[in-house]
Amino acid sequence: MAPSRTRPAYDADERTQLVAWLDMQRAIVQWKCEGLSEADAHRSVLPASPYMTMAGLVSHMRWVEHCWFEVMLLGRPATGPLLDGPEAADMMVEGVPLARLLEEYDRQCAVSNEIIAAHSLDDVGQNRDHRAGQATLRWMLLHMIEETARHAGHLDTIRELLDGTKGYY
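Thresholds, definitions, all that
- Going along each chain's sequence as written, the residues are numbered from 1 onward.
- Reporting in this predicted model follows two pLDDT cut-offs: at least 70 for local features of residues, and 80 or more for side-chain atom pairs to be given and counted; totals over whole chains, interfaces and linings ignore these cut-offs and use all residues.
- Processing note: side-chain calculations cover all non-hydrogen atoms of the structure and skip hydrogens and water entirely.
- For every element, the axis is a line fit to its C-alpha atoms; helices are fit only across the contacting stretch, and the angle between N-to-C directions ranges from 0 to 180 degrees.
- Numbering of helices and strands runs from the N terminus, with a helix taken as a DSSP run of H or I at least four residues long and a strand as a DSSP run of E at least two residues long.
- In what follows, roughly perpendicular refers to angles from 65 to 115 degrees, roughly parallel to angles under 35, roughly antiparallel to angles over 145, and oblique to any angle outside these ranges.
- Note on convention: near helix rotated counterclockwise from far helix by under a right angle means a left-handed crossing. Clockwise means right-handed.
- Two residues qualify as a contact provided that any one of their heavy atoms is within 4.5 Å of a heavy atom in the partner residue.
- Residues were grouped as follows: Ala, Val, Leu, Ile, Met, Phe, Trp, Tyr, Cys and Pro as nonpolar; Asp, Glu, Lys and Arg as charged; and all remaining residues, including Gly, as polar.
- For each residue, the accessible area found with a 1.4 Å probe, counting protein chains only, is set against the maximum for its type, and the residue is called buried under 20%, exposed over 50%, and partly exposed in between.
- Counted as a polar contact is a pair of N or O atoms within 3.5 Å, where, for protein atoms, one must be capable of donating a hydrogen and the other of accepting one, and residues adjacent in sequence contribute only when both atoms are in side chains.
- Only Phe, Tyr and Trp rings are paired, with Trp represented by its six-membered ring, and only when their centres lie within 6.5 Å; those with planes under 30 degrees apart are stacked, over 60 edge-to-face, the remainder tilted.
- Only when the NZ atom of a Lys or the CZ atom of an Arg is both within 6 Å of the ring centre and within 35 degrees of the ring normal do we say a charge sits over the ring.
- When a carboxyl oxygen of Asp or Glu lies within 4 Å of a side-chain nitrogen of Lys or Arg, that pair is called a salt bridge.
- Expected helix span is taken as 1.5 Å per residue step, with the number of steps being one fewer than the number of residues.

**Side note on the packing of helix H3 (residues 54-73) against helix H5 (residues 98-117)**
Across the interface, H3 lies against H5 with an axial gap of 9 Å and an inter-helix angle of 25 degrees. With respect to their mutual orientation, H3 and H5 come out roughly parallel. As for the relative orientation of H3 and H5, their crossing is left-handed in sense. Residues Ala55, Val58, Ser59, Met61, Arg62, Glu65, His66, Phe69, Glu70 and Leu73 of H3 lie in contact with H5, whose contacting residues are Leu98, Leu101, Leu102, Glu104, Tyr105, Gln108, Cys109, Val111, Ser112, Ile115 and Ile116. Residue classes in the contact of H3 with H5 are distributed as 13 nonpolar, four polar and four charged.

Take a look at the structure:
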């Protein structure tokens, strides 16, 4: 189940605020895909960016979650198209149903939240193959809020170009 599009309480503690802001952006990703046809989910509207589709962005966000929380923070092996494939491989999802991509994204976000809950915001990543793997969980959460919000904005624009659907959360 997708998280709520509700802002955190003004007086919530730091961890609660960080996770709630991230969850809200994740929910916007899910919301922007509601009611979208399969054809439109895979249709490119940006000639110079053929893989930046609704489906491609959802896939990308799934792999970004995996990369930051499982690979960079926990030091697990780097798997998946974001790390193992050619550039934009994580967005190459022709033929993969949007519903499946959204389910995978939702599951990955749940895994990320379990990892976040089990660690201190001051914990440092365990991945030594990448400089960013030495960031704190706090830094990773702030980055993921920025990353997810930026792509939610992309989804908003692409959706409007596809079928005119627009809306502010």
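**Looking at the side chain of histidine 151**
Turning to its location among the elements, histidine 151 is positioned in helix H6 (residues 137-163). For histidine 151, a relative accessible area of 5% translates into the label buried. Only 3.3 Å separates the side chain of histidine 151 from the side chain of histidine 60, close enough to count as a polar contact. When sequence neighbours within four positions are dropped, the list of residues in contact with histidine 151 reads Leu57, His60 and Met61.

**Section: the packing of aromatic side chains**
In the structure shown here, the tally under the stated rule is one aromatic pair. Taking the ring centre of tryptophan 31 as reference, the NZ or CZ of arginine 5 above it sits at 4.1 Å. Its guanidinium or amino end placed over the ring of tryptophan 63, arginine 62 lies 3.7 Å from that ring's centre, counting from NZ or CZ.

**Examining the pattern of salt bridges**
Where charged atoms from two side chains of opposite charge come close, those side chains can pair. With the rule as written, the count across this model stands at eleven salt bridges. Here arginine 26 and aspartate 23 are joined by a salt bridge, their closest N and O atoms 2.6 Å apart. Here the residue arginine 26 and the residue aspartate 23 both occupy positions in helix H1 (residues 14-32), the gap between them amounting to three residues, near one helical turn. Judged by relative accessible area, aspartate 23 falls into the buried class, the value being 17%. Between arginine 100 and glutamate 104 there is a salt bridge, with the nearest N and O atoms lying 3.0 Å from each other. Pair noted here: arginine 100 and glutamate 104 are both in helix H5, with a separation of four residues, about one helical turn. Sharing partners across several salt bridges, the network here consists of Glu14, Asp122 and Arg138.

**Some words on H3**
With 20 residues, H3 extends 27 Å from end C-alpha to end C-alpha; this agrees with the ideal 28 Å at 1.5 Å per step. Most of H3 sits out of view: 20 of its 20 residues are buried. Residue glycine 75 follows H3 closely and has a positive phi angle near 80 degrees.

**What to know about the environment of aspartate 40**
Mapped onto the elements of the fold, aspartate 40 is located in helix H2 (residues 38-41). Given the relative accessible area of 15%, aspartate 40 is considered buried. For aspartate 40 and alanine 55, which are 15 residues apart along the polypeptide, the C-alpha to C-alpha distance reads 8.9 Å. Excluding anything up to four places from it in sequence, aspartate 40 contacts Leu162 and Asp163. A polar atom in the side chain of aspartate 40 sits 3.1 Å from the side chain of arginine 43.

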